[in-house]
Amino acid sequence: MAQTVNKSFIPDLPKGGPLAEYRKRANFDWKDLKLIFEEEQTLKTKYRVWKLLEEDPLFTRSNTNLPTNESKRIAAMQMNHMANLNIVPDEVYNESITQRHKYLCAVNEALHAYSPSLSVKIALGVGLFNNALIAMGTERHQKYYKAAWNREIVTCLAITEVSHGSNTKRIRTTANYDPKTKEYIIHTPDFEAAKAWVGNLGKTATIALTFANLYTPDGESHGLHGFIVPIRDPKTLIAYPGVLVGDIGEKIGLNGIDNGFVMFNNYRIPHENLLNRTGDINEEGVYESVFSEPGKVLGAALESFSAGRIGIMQESVNTLAKAAVIAVRYSAVRKQFGPERDGEDIPIIEYQLHQWRIFPYLAAACVLRVSTFSLFESYMSAIERSQKDSNGFELLTQLVSELHALISSSKPHITWTARDAIQEAREACGGHGYLKASRLGDLRNDHDPSCTYEGDNNVLGQQASNWLVRQWENVESPVGTVDFLNRKDQMMKRTFNCVSKRWSFDHFEFALECYEWLLCHLIQKTTKLIGEEKSRGRNTFEARNNAQVYAARDLIRAYPEYYALRTFKERCSKPDVSKEIGVTLHTTYLIYAYWSLEKHMTSFYQGGFATGSAFADGVRKSLLEYCSQFKNVSVTVADALAPPDFALDSVIGKADGLLYENLQNEFMTNEGALERPRWWKDAVVKQQIKSKL
């Protein structure tokens, strides 16, 4: 039985209009579907944030491209102003760690929907900084934690260097301990070792949590450690002596963020600025390692280094949804051609090719929103467990390893899907999609770095494939994402004929069983390739490197797709899902499943799962059939995914569906549209004086 929820906090859609024809075809309330995709409290938080921003003049959007420095100035002002809005009231910090994180994630998603630059600045300067502080610091660093929360300081994380990003073991910034003065001497040996691409550092950061190699007076290196390093005077923003800091310059997108570089010249900081949770240097200059509660350290490390990736996944799902919403609303209003030469044009959403292009991304936005939330809950459960009990360290280690693999594959999958959705939406909206006011260009440019920061997608995925390969011989899956490997011998005997006898193409289990075979096949293939490379004398590094293309890389695409389908199926079976919504969710599942399976067709046939054309024909026929069925609910599904117009901010994707009225207003009112340009004389064709010679 579906639950009755007071939905009045969700603003109503405009009545009537060009989208009404498709909206009335759905036999369920879009608000009910919205509450399937997101929890009530999360939505309430988001709508509260959006309302606060919309009513504040500082957050009024500019209709023109701002100079880079102006974008940075406005983002800095908005960040400083956030404390005045009381978006995160004090009582939030008294909640459980899970509820606190849920609230903060909801705020971050709402801010990101309005301005990715603003949300990233806050995430870097508050969330990620404080997560790292909790993971690596102790009581003596609490003052920085509180100051960051209260916006009293602007902070950043300085990890990446000019010549090394993903390979942190090669970071070359040093921190030598001087026992005479009880100080650390932070030094950058050359430009290649300069900290670079550090968000907030370019113009505004006053404190940098800096990673450097710690050396004791005897010259021994104790590896990377975190240090609280003052960068600028907070009253003047002038860099301290010994600190060369600057802005890296204009980027493709996210120009509200002042990404910077910094070089240290034998720069001294106090002894207590070392983050000493796992190790410290005593008064004699001797390094002392501390591992009193390994479970808590492991949990803190998970929280510190996975929080950013999960945040990116949540933001990318919203970006994916925005692109799909714009494309669907546009296609329901835009009319082109028809069956009769002199007859009326029909909406382009009616065309099979258009449905095949955009509906899978709409379905993906639904499925990945649910799976990302499920992953978030598993992640938070692991953190809570690490804080409550130091026993069961081995199981906790397994849990953290599995979650790390799942996050390391899901982050690439979701960010790549969003990237591709934006481009497809841009093209599906034709020339109007190329208009800046469509916001698809801004979406593309602002989303693009998500594929490389917090772990380059191709590199990050290899961490997931390494874990999956280890499971082939010894399954350690407390989250249960690869439990089926316990039956791998049985799984490998599966064929399309076997699966199709048990399940029809319209059953949830058909796609799941196909994926279980596929994952077994790809893990076995990758494991075999690595073994063959080693038998030829290759070391482990070389063997893994030579098993990426057509093996491990396919594996890390299939793994998060399978997880997404499993978790979405579980969501569909919960009691708050009405019969009417259940039908639409089932169709959504099938579109995403067959769209995803179709990409692995080569592996299914090479691995012997299928022969002949029946499997490929069935998958493709099913995808087209379910896309056709999806047409009548697609606008309503888009409404359930969409943020309010203030956050969507697309002239071609507004909820009122008044495409041409909105375009007319944009054309007529954009700055200088109807004015003669100041440079008109330069454009006038000057009459040529012909020579008489």
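In the block above lies the structure referred to throughout.
Cut-offs used in this document
Residues numbered from 1 in each chain as written. Predicted model: local features only at pLDDT ≥ 70, side-chain atom pairs only at ≥ 80, totals over all residues. Heavy atoms only, no water. Helix = DSSP H or I, 4+ residues; strand = E, 2+ residues; numbered from the N terminus. Rg over C-alpha atoms; globule rule 2.2 N^0.38 Å. Buried < 20%, exposed > 50% of the residue type's maximum accessible area, 1.4 Å probe, protein only. Contact = heavy atoms within 4.5 Å. Areas by Shrake-Rupley, 256 points an atom, 1.4 Å probe, with all protein chains shown as cover. Salt bridge = Lys/Arg side-chain N within 4 Å of Asp/Glu carboxyl O. Axes fitted to C-alpha atoms, helices over the stretch in contact; angles between N-to-C directions. Parallel < 35°, antiparallel > 145°, perpendicular 65-115°, else oblique. Patch = residues over 30% accessible without salt bridge, like charges linked within 9 Å, V, L, I, M, F, W, Y side chains within 5 Å. 1 Å grid on protein atoms, 1.4 Å probe; cavity = no way out; pocket = protein on both sides within 12 Å on 5 of 7 lines; lining within 4 Å. Points joined across faces, edges and corners; volume = space filled by probe spheres on them. Nonpolar A, V, L, I, M, F, W, Y, C, P; charged D, E, K, R; others polar. Pairing = 2+ DSSP bridges. Left-handed = near helix turned anticlockwise from the far one by under 90°. Phe/Tyr/Trp six-rings, centres within 6.5 Å; stacked < 30°, edge-to-face > 60°. Lys NZ or Arg CZ within 6 Å of the ring centre and 35° of its normal. Polar contact = N/O pair within 3.5 Å; in protein donor to acceptor, adjacent residues only side chain to side chain.

Another aspect to go through is the overall build of the protein chain. Along the backbone of the protein chain there are 23 helices and eleven strands. The globule rule puts the C-alpha radius of gyration for 693 residues at 26 Å, and the 27 Å found for the protein chain is close to it. Taken across its 693 residues, the protein chain has 53% of its residues classed as buried. Excluding contacts between residues fewer than 6 apart, the proportion of contacts in the protein chain whose partners are at least 24 apart in sequence is 74%. When the accessible surface of the protein chain is summed, it comes to about 31900 Å², and 50% of that surface belongs to carbon and sulfur atoms.

Within the structure shown, the criterion is met by 39 salt bridges. Taking the shortest distance from any N to any O, the salt bridge between E161 and K195 comes out at 3.2 Å. Remark: K195 occurs in strand β4 (residues 195-198) and E161 occurs in the loop between β1 (155-158) and β2 (174-178); sequence separation between them is 34 residues. Both residues of the pair, E161 and K195, belong to the buried class. Between E516 and R494 there is a salt bridge, with its nearest N and O atoms 3.1 Å apart. In this pair, E516 is assigned in helix α15 (residues 508-535) and R494 in the loop between α13 (488-492) and α14 (496-502), connecting sequence segments 22 residues apart. R494 carries the same exposure label as E516, and that label is buried. Through salt bridges that share partners, E21, K24, R25, E350 and K631 make up one connected network.

Attention now moves to the packing of helix α17 (residues 548-572) against helix α18 (residues 579-598). The N-to-C vectors of α17 and α18 enclose an angle of 170°; their axes lie 10 Å apart at closest approach. Classed by the angle they form, the pair α17 and α18 counts as roughly antiparallel. Counting all contacts with α17, which are made through E561, A564, L565, F568, K569 and C572, the residues of α18 involved are L585, T588, Y589, Y592, A593 and S596.

In this section: a nonpolar patch on the surface. A contiguous nonpolar surface patch, about 340 Å² in accessible area, is contributed by F667, M668 and L674. With respect to the element layout, L674 can be found in the loop between α22 (659-669) and α23 (680-683). Judged by relative accessible area, which is 68%, L674 ranks as exposed.

What follows is about empty space enclosed by the protein. For the structure shown, the criterion picks out seven cavities of 30 Å³ or more. In this structure, the largest cavity encloses a volume near 220 Å³. Lining the largest cavity are 15 residues, with E38, T42, E109, Q314 and F373 sitting closest to its centre. Listing elements by their share of the lining of the largest cavity, those giving two or more residues are α3 (40-55), α5 (97-114), α8 (294-333) and α9 (352-388). Taken together, the residues of the lining of the largest cavity sort by class into six nonpolar, three polar and six charged. Within this model, the second largest cavity holds a volume of roughly 110 Å³. Looking at the second largest cavity, it is lined by 14 residues, and the ones nearest its centre are W50, N318, R369, L641 and P643. At the level of elements, α3, α5 and α8 are the ones that each hand at least two residues to the lining of the second largest cavity. Of the residues in the lining of the second largest cavity, the class split is seven nonpolar, one polar and six charged.

Structurally, the position occupied by T174 is in strand β2. A relative accessible area of 17% means that T174 is categorised as buried. Taking the C-alpha atoms as reference points, T174 and A547, separated by 373 residues in sequence, lie 35 Å from one another. Contact partners of T174, with chain neighbours within four places excluded, come to I185, I186, H187, A212, N213 and Y215.

Further remarks concern the pairing of strand β5 (residues 207-215). Most of β5 is tucked away: eight of the nine residues are buried. For β2 and β5, the ladder comprises three bridges, and the chain directions are parallel. From the neighbouring strand, T174 faces β5, where its bridge partner is N213. For β5 and strand β6 (residues 221-230), the ladder comprises eight bridges, and the chain directions are antiparallel.

This part takes up the layout of surface pockets. Space inside the second largest pocket adds up to approximately 1100 Å³. Looking at the second largest pocket, it is lined by 44 residues, and the ones nearest its centre are S71, S117, K436, D442 and D446. Top element by residues in the lining of the second largest pocket is helix α11 (residues 440-447). It accounts for six residues. When grouped by side-chain class, the residues that make up the lining of the second largest pocket number 15 nonpolar, 18 polar and eleven charged.

In this section: the packing of α3 against α5. Two quantities define a packed helix pair, namely the angle between the axes and the distance from one axis to the other. The geometry of α3 relative to α5 is characterised by a closest axis approach of 9 Å and an angle of 45° between their N-to-C directions. Classified by the angle between their axes, α3 and α5 sit oblique to one another. Seen along the crossing, α3 lies across α5 with a hand that is right-handed. Contacts between α3 and α5 pair T42, T45, K46, R48, V49, W50 and L53 from the former with Y103, A106, V107, E109, A110, L111, A113 and Y114 from the latter.

Looking now at the packing of aromatic side chains. Centre-to-centre distance and the angle between the planes together describe a pair of aromatic rings. On inspection of all chains with the given rule, the structure shows 27 aromatic pairs. Ring geometry for F359 and F630: centres 5.6 Å apart, planes at 85°, overall edge-to-face. Here F359, found in helix α9, pairs with F630, found in helix α20 (residues 614-641); they are 271 residues apart in sequence, far enough to count as distant. Both residues of the pair, F359 and F630, count as buried. Here the aromatic cluster, defined as three or more aromatic residues joined through ring pairs, consists of F496, F505, F510, W517, Y594, F604, Y605, F609 and F615. Between the NZ or CZ atom of K44 and the centre of the ring of F9, over which it lies, the distance is 5.4 Å. Residue placement shows R61 over the ring face of F646; its charged tip is 5.5 Å from the ring centre.

With that settled, the discussion passes to the side chain of H600. As for its placement among the helices and strands, H600 is situated in the loop between α18 and α19 (601-606). According to the relative accessible area criterion, H600 is buried, its value standing at 2%. One polar contact links H600 to E561, side chain to side chain, over a distance of 2.8 Å. Every residue in contact with H600, bar those within four places of it in the chain, is listed here: Y515, L518, D554, R557, A558 and E561.

What follows covers the side chain of N255. Of note, N255 is situated in the loop between β7 (243-247) and β8 (260-264). Every residue in contact with N255, bar those within four places of it in the chain, is listed here: T68, S71, K72, S117 and E250.

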